[in-house]
Amino acid sequence: MGNTVYLKLNWLSIFFIFLLFVIGGLVRSTGSGMGCPDWPKCFGEYVPPISESALPADYEDFFKEQRIQKTARFVSILKKIGLDEKAAEIENHSSLNESHQFNVLKAYVEYINRLWGAVTGLIVFGCFALSLPYLRTNKKVFFYTGLGFVLVFLNALLGAVVVNSNLIGGIVTAHFIAAFASICFFIVARHFAQPFPSTHLTVGQKRMTFFLMLVIAVQVILGAELRELYDVLSNGLHFGEKTSALAPTFQYHGLLGLLTSVIAIYQLIKIPNTYPSIQYIKWIAMLSVAQLVFGPMALLPETASISKLFHISFGAAIFVLQFYICTAFISTSKSER
Ligand code: HEM
């Protein structure tokens, strides 16, 4: 009974964290990252207003000032722990002095993002609470659930910093990687609570799936780096000018994307059709090929927002599914615990 409820909440935790990527894509594609200039409230309210007329006349200056003060506190913490370079980068970032005009669509997209984040927090806390009884019977379930929970919690704090520092790169990427890591911990915890179905694969086949996992992980980190470079690029450039300005990260990311698709198709051919997770293996191959289309679309003004919506969600899905397949190989037998 306890195990069933834990497994349900564990699944919900994975689902809710994953959808944060999808909603994150929506936030980016609609340019709503600064839809709420403050945190955790939105324009000083728990439910954002639906019209600018509900806000005081000087609201833009007020929220800008508030953000500058919060960032100053954050910068002093960074200095205290020796991160002087990062502190100076944040302090001198020009976007820190930007004010943000109210836009109802952007405010509500960002608000949904936060609500989803809050519900996710409650679910992962519930899952962590239900992992406590495993301390006596199966410590690894408790340990990995705990790591997943702590990362989600730290990521929520990082979310506040993302807003207070006005979406400065590096912090956004850390936020992104922590979300991937938390999902991984919940998947591993789930496997220890109820081992994933897996039939015998040869050593060569297993090596191939691990190698693909590694390529995907590097690809996601390169993608995050590319996104940081792209975010500070001026808007008026043509496709060719953008690819040159983003060199060599764009070229490496594109080539690695091609390699990912080739290995994902090879994996599909090599792993027998009777393998329990064959559906996931098919999805990995299909989504990887789709990324070859959605990736370059990010650089064209007409298709950039569609790409931003799908490229990150597909990238996250490929990572999570391949991680699931690799996790099934981890032995859960008592003799090895
Ligand atoms: C399996 C293949 C691929 C994966 C898993 C992947 C993954 C990612 C991820 C996770 C990001 C960061 C997105 C964000 O933070 O919003 C990204 C960004 C990006 N990727 Fe890929 N990618 C793949 C293939 C490609 C290909 C083939 C190209 C182009 C030739 C490409 C072009 C881009 C561009 C231009 C960005 C920056 C977009 C932006 O800032 O919105 N990607 N990728």
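Just so it is clear, the structure is predicted and the values come from calculations on it, not from any experiment.

Conventions adopted
Residues numbered from 1 in each chain as written. Predicted model: local features only at pLDDT ≥ 70, side-chain atom pairs only at ≥ 80, totals over all residues. Near = placed C-beta within 6 Å. Helix = DSSP H or I, 4+ residues; strand = E, 2+ residues; numbered from the N terminus. Nonpolar A, V, L, I, M, F, W, Y, C, P; charged D, E, K, R; others polar. Buried ≥ 20, exposed ≤ 12 C-beta atoms within 10 Å, placed from the backbone. Axes fitted to C-alpha atoms, helices over the stretch in contact; angles between N-to-C directions. Parallel < 35°, antiparallel > 145°, perpendicular 65-115°, else oblique. Left-handed = near helix turned anticlockwise from the far one by under 90°. Contact = placed C-beta atoms within 7 Å. Core = buried A, V, L, I, M, F, W, Y, C linked by C-beta atoms within 7 Å. Domains from an automatic or database assignment. Expected span 1.5 Å × (residues − 1).

1. Digging into the site of the ligand
Right, on to step 1. As a matter of local geometry, the ligand sits amid 26 residues, with Gly 223, Gly 254, Gly 257, Gly 295 and Gly 315 nearest to it.
Right, on to step 2. Put simply, the parts of the chain that give the shell around the ligand at least two residues each are helix H8 (203–231), helix H10 (249–270), helix H11 (278–297) and helix H12 (304–327).
Right, on to step 3. The element contributing the most residues to the shell around the ligand is H8, with 8 residues.
Right, on to step 4. Residue composition of the shell around the ligand, grouped by class: 12 nonpolar, 11 polar and 3 charged.

2. Overview of unusual backbone geometry
Right, on to step 1. That bond from Ala 247 to Pro 248 is cis: its omega, -5 degrees, falls within 30 degrees of zero.
Right, on to step 2. Among the structural elements, Pro 248 can be located in the loop between helix H9 (239–245) and H10.
Right, on to step 3. In this model, Phe 43 sits at a positive phi of 55 degrees, which is unusual for a non-glycine residue.
Right, on to step 4. Structurally, Phe 43 is set in the loop between helix H1 (2–29) and helix H2 (59–80).

3. Description of the environment of Pro 296
Right, on to step 1. Structurally, Pro 296 is set in helix H11.
Right, on to step 2. Overall, the presence of 17 C-beta atoms within 10 Å leaves Pro 296 in the partly exposed class.
Right, on to step 3. Separated by 57 residues in the primary sequence, Pro 296 and Phe 239 place their C-alpha atoms 8.9 Å from one another.

4. Points about the environment of Val 172
Right, on to step 1. Within the element layout of this structure, Val 172 appears in helix H7 (residues 171–193).
Right, on to step 2. Separated by 104 residues in the primary sequence, Val 172 and Pro 276 place their C-alpha atoms 36 Å from one another.

5. Digging into the environment of Ala 217
Right, on to step 1. With respect to the helices and strands, Ala 217 occurs in helix H8.
Right, on to step 2. Residue classification places Ala 217 among the partly exposed positions, given that 16 C-beta atoms sit within 10 Å.
Right, on to step 3. Residues Ala 217 and Phe 319, 102 residues apart in the sequence, show an inter-C-alpha distance of 7.0 Å.

6. Points about the packing of H2 against helix H3 (residues 84–92)
Right, on to step 1. The interhelical angle for the contact between H2 and H3, taken along N-to-C directions, is 160 degrees, at an axis separation of 8 Å. Between H2 and H3, the angle falls in the class roughly antiparallel. Helix-helix and strand crossings are classified by hand; for H2 and H3 the assignment is left-handed. Only Asp 84, Lys 86, Ala 87, Ile 90 and Glu 91 of H3 make contact with H2, whose side of the interface consists of Thr 71, Val 75, Leu 78 and Lys 79.
Right, on to step 2. The residue makeup of the contact of H2 with H3, split by class, is 4 nonpolar, 1 polar and 4 charged.

7. Points about the nonpolar core
Right, on to step 1. Formed by 53 residues in total, the largest nonpolar core has its most connected members in Ile 183 and Ala 189.
Right, on to step 2. Ranked by the residues each element gives to this core, the list is headed by H7, at 14 residues.
Right, on to step 3. Taken domain by domain, the makeup of this core includes at least three residues from each of domain 1 (1–194) and domain 2 (198–337).
Right, on to step 4. In this structure, Ala 189 is in contact with Asn 10, Ser 131, Val 141, Tyr 144, Thr 145 and Gly 148, ignoring residues within four places of it in sequence.
Right, on to step 5. Residues Cys 36, Cys 42, Phe 43 and Tyr 111 belong to the second largest nonpolar core, which totals 6 residues.

8. Overview of the domain arrangement of the chain
Right, on to step 1. Under the domain assignment, the chain is made up of domain 1 (1–194) and domain 2 (198–337).
Right, on to step 2. A straight line from the C-alpha centre of domain 1 to that of domain 2 covers 24 Å.
Right, on to step 3. Listed by partner, the interface residues are 21 residues for domain 1 and 20 residues for domain 2.
Right, on to step 4. Elements with a contribution of two residues or more to the side of domain 1 that touches domain 2: H1 and H7.
Right, on to step 5. Counting residues per element, the side of domain 1 that touches domain 2 draws most heavily on H7, which supplies 10 residues.
Right, on to step 6. The class makeup of the residues in the side of domain 1 that touches domain 2 is 12 nonpolar, 7 polar and 2 charged.

9. Comments concerning H2
Right, on to step 1. Helix length check: H2, at 22 residues, gives a terminal C-alpha distance of 32 Å against a target of 32 Å (1.5 Å per residue), a fit within 8%.
Right, on to step 2. Phi for Gly 82, located one or two positions after H2, is positive at around 90 degrees.

10. A look at the packing of H8 against H12
Right, on to step 1. One can describe the packing of H8 onto H12 by two numbers: an axis separation of 10 Å at closest approach and a directional angle of 150 degrees. Our classification of the angle between H8 and H12 gives roughly antiparallel. The hand of the H8/H12 crossing is left-handed. Along its contact with H8, which presents Thr 209, Phe 210, Leu 212, Met 213, Ile 216, Val 220 and Gly 223, the element H12 presents Gly 315, Ile 318, Phe 319, Gln 322, Phe 323, Ile 325 and Cys 326.

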